[in-house]
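Letter by letter, the chains look like this.
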Amino acid sequence: MESEKRPSMVSDVGAWAMNVISSVGIIMANKQLMANSGYAFSFATTLTGFHFAVTALVGLVSNATGFSASKYVPLWELLWFSIVANTSITCMNFSLMLNSVGFYQISKLSMIPVVCVMEWIIHNKNYSKRVKLAVIVVVIGVGVCTVTDVKVNAKGFICACLAVLSTSLQQITIGSLQKKYSIGSFELLSKTAPIQALSLLVFGPFIDYYLNGKLITNYKMSSGAIFFILLSCTLAVFCNVSQYLCIGRFSAVSFQVLGHMKTVCVLTLGWLLFDSELTFKNILGMLLAVVGMIIYSWAVEVDKQSTKTLPHAKNSLTEEEIRLLKEGVENTPVKDVELGGSKG
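Residues numbered from 1 in each chain as written. Predicted model: local features only at pLDDT ≥ 70, side-chain atom pairs only at ≥ 80, totals over all residues. Heavy atoms only, no water.

1. Some thoughts on the UniProt feature "transmembrane region" (unreviewed entry) in the chain
Thought 1: In the numbering used here, UniProt assigns the feature "transmembrane region" (unreviewed entry) to residues 41–61, 73–96, 133–150, 223–241, 253–274 and 280–299.
Thought 2: Between the C-alpha atoms that bound residues 223–241 the distance is 27 Å, and the span itself is 100% helix and 0% strand. (UniProt positions renumbered as here; feature names shortened; annotations may be inferred. Helix = DSSP H or I, 4+ residues; strand = E, 2+ residues; numbered from the N terminus.)

2. Focus on the nonpolar core
Thought 1: Phe81, Ile174, Leu188, Val241 and Tyr244 are the most contacted members of the largest nonpolar core, which totals 14 residues.
Thought 2: Counting residues per element, the ones that place at least two in this core are helix H3 (75–98), helix H7 (154–180), helix H8 (185–212) and helix H9 (223–249).
Thought 3: Among the elements that make up this core, the one with the highest residue count is H9 (4 residues).
Thought 4: The contact partners of Phe81, leaving out residues within four places of it in the chain, are Gln170, Thr173, Ile174, Leu177, Thr192, Gln196 and Tyr244.
Thought 5: By size, the runner-up hydrophobic cluster in this structure holds 13 residues, among which are Ala29, Cys233, Leu235 and Ala236. (Core = buried A, V, L, I, M, F, W, Y, C linked by side-chain atoms within 4.5 Å. Buried < 20%, exposed > 50% of the residue type's maximum accessible area, 1.4 Å probe, protein only. Contact = heavy atoms within 4.5 Å.)

3. Topic: the pattern of salt bridges
Thought 1: All chains considered together, the criterion is met by 1 salt bridge.
Thought 2: For Glu77, the salt bridge is made with Lys180, and the minimal N-O distance between the two is 2.9 Å. In this pair, Glu77 is assigned in helix H3 and Lys180 in helix H7, connecting sequence segments 103 residues apart.
Thought 3: A residue is classified by how much of its surface remains accessible, and Lys180, at 55% relative accessible area, is exposed. (Salt bridge = Lys/Arg side-chain N within 4 Å of Asp/Glu carboxyl O.)

4. Quick word on the side chain of Ser242
Thought 1: Along the chain, Ser242 falls in helix H9.
Thought 2: Engagement of the side chain of Ser242 in a polar contact is seen with the backbone oxygen of Phe238, the distance being 2.8 Å.
Thought 3: A distance of 2.9 Å separates the side chain of Ser242 from the backbone oxygen of Cys239, its partner in a polar contact.
Thought 4: Not counting residues up to four positions away in its chain, the partners in contact with Ser242 are Ala15, Met18, Asn19 and Ser22. (Polar contact = N/O pair within 3.5 Å; in protein donor to acceptor, adjacent residues only side chain to side chain.)

5. Digging into the environment of Ser11
Thought 1: Inspection of the secondary structure puts Ser11 in helix H1 (residues 2–34).
Thought 2: Looking at Ser11, the relative accessible area reads 26%, which means it is partly exposed.
Thought 3: Taking the C-alpha atoms as reference points, Ser11 and Cys246, 235 residues apart in sequence, are found 10.0 Å from one another.

6. Some words on the packing of aromatic side chains
Thought 1: Overall, the coordinates contain 6 aromatic pairs when judged by the stated rule.
Thought 2: With a centroid separation of 5.1 Å and an interplanar angle of 85°, the aromatic rings of Phe41 and Tyr219 are classed as edge-to-face. One end of the pair, Phe41, is in the loop between H1 and helix H2 (44–64); the other, Tyr219, is in the loop between H8 and H9, with 178 residues separating them in the sequence. An identical accessibility class is assigned to Phe41 and Tyr219; each is buried.
Thought 3: An aromatic cluster is built from Tyr39, Phe227 and Phe228, whose rings are joined through pairwise contacts. (Phe/Tyr/Trp six-rings, centres within 6.5 Å; stacked < 30°, edge-to-face > 60°.)

7. A few points about the packing of H3 against H8
Thought 1: As a packed pair, H3 and H8 sit with axes 9 Å apart at the nearest point and diverge in direction by 35°. As H3 runs across H8, the sense of the crossing is right-handed. Judged by residue contacts, Leu78, Leu79, Phe81, Ser82, Ala85, Asn86, Ile89, Thr90, Asn93, Phe94 and Met97 of H3 engage Leu188, Lys191, Thr192, Ile195, Gln196, Ser199, Leu200, Ile207, Tyr210 and Leu211 from H8.
Thought 2: A class-by-class count of the residues in the contact of H3 with H8 yields 13 nonpolar, 7 polar and 1 charged. (Axes fitted to C-alpha atoms, helices over the stretch in contact; angles between N-to-C directions. Left-handed = near helix turned anticlockwise from the far one by under 90°. Nonpolar A, V, L, I, M, F, W, Y, C, P; charged D, E, K, R; others polar.)

8. Describing the packing of H3 against H7
Thought 1: Orientation of H3 relative to H7, taken along the N-to-C sense of each, is 150°, at an axis distance of 7 Å. By the angle between their axes, H3 is roughly antiparallel relative to H7. Between H3 and H7 the crossing geometry is left-handed.
Thought 2: Its residues assigned to classes, the contact of H3 with H7 comprises 15 nonpolar, 8 polar and 3 charged. (Parallel < 35°, antiparallel > 145°, perpendicular 65-115°, else oblique.)

9. Some thoughts on unusual backbone geometry
Thought 1: The backbone of Ala40 shows a phi angle near 50°, a positive value even though the residue is not glycine.
Thought 2: Locating Ala40 in the fold gives a position in the loop between H1 and H2.
Thought 3: Its relative accessible area of 26% is what places Ala40 among the partly exposed residues.
Thought 4: A positive phi angle is found at Ser182, which is not glycine, with a value near 50°.
Thought 5: As for its position among the elements, Ser182 is in the loop between H7 and H8.

Right, here's the structure in full:
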């Protein structure tokens, strides 16, 4: 039993580590690519289209070489997921453009409670008090170290709401599709990436023009910009794959909580590499967020252990107990109640 648990734990940590490293790496690469002091490539939506195009190409090569197998998923489900995912990307870009950094960060923090509510509505998931407390500590910690000025306007508020709802729904849908069709994370990504790439490359330049008033056709490409675009696309493949891996292994809520570790890493690396200011408030918030993540990990593990031990508290049943159980199964509607943690 221990030998089975250890490889599972190693693969879980590996998936999460890949997501953190690739996500932080892509932020650093995009910062250099998009900053005015760098290469001023201010076409975020089109760049995301490049990301999915490269991911789709990798998936195509993987299927052709037999490294991965293609499984059936209805086209309408793939289209629905792609619409939700692209809405998330577009609304996030609009939210960042229309809102202050402070309100943008608050909207991102609100994804955790939104995911919790959506999973409760869609999958009837319940969360223990321990998990809820840990989530609150993480949200407060990340809020302390990231939220600055908070200014709200009507258009920005609508875009932020759409971004939060679509992103939360996207993350829940990834896990649902993987379980529903018994499809691996990379196989599912290989099916959704081409649709997202095509739509983002078609509509992306128009969205970017609306956002910054610049046409990508007028951008003067340099060897340095090409290098960072390719680096960004390479990291995006790992980021996309690891996101599907993590949501398949953990819950969408766990992915959100663990994902805030990326915020802490980005702030730290920004201070080390880009001379960003790191105040006492930032450090205090980071420490609080890390404590919250530790509490969350402990709470999820305790809940998982309790769900494993409860059904096996008694190993033998009498004939009378078996008869009563059969009657209960026949006459009582089954209701599957899960805790907030992932099922091992």
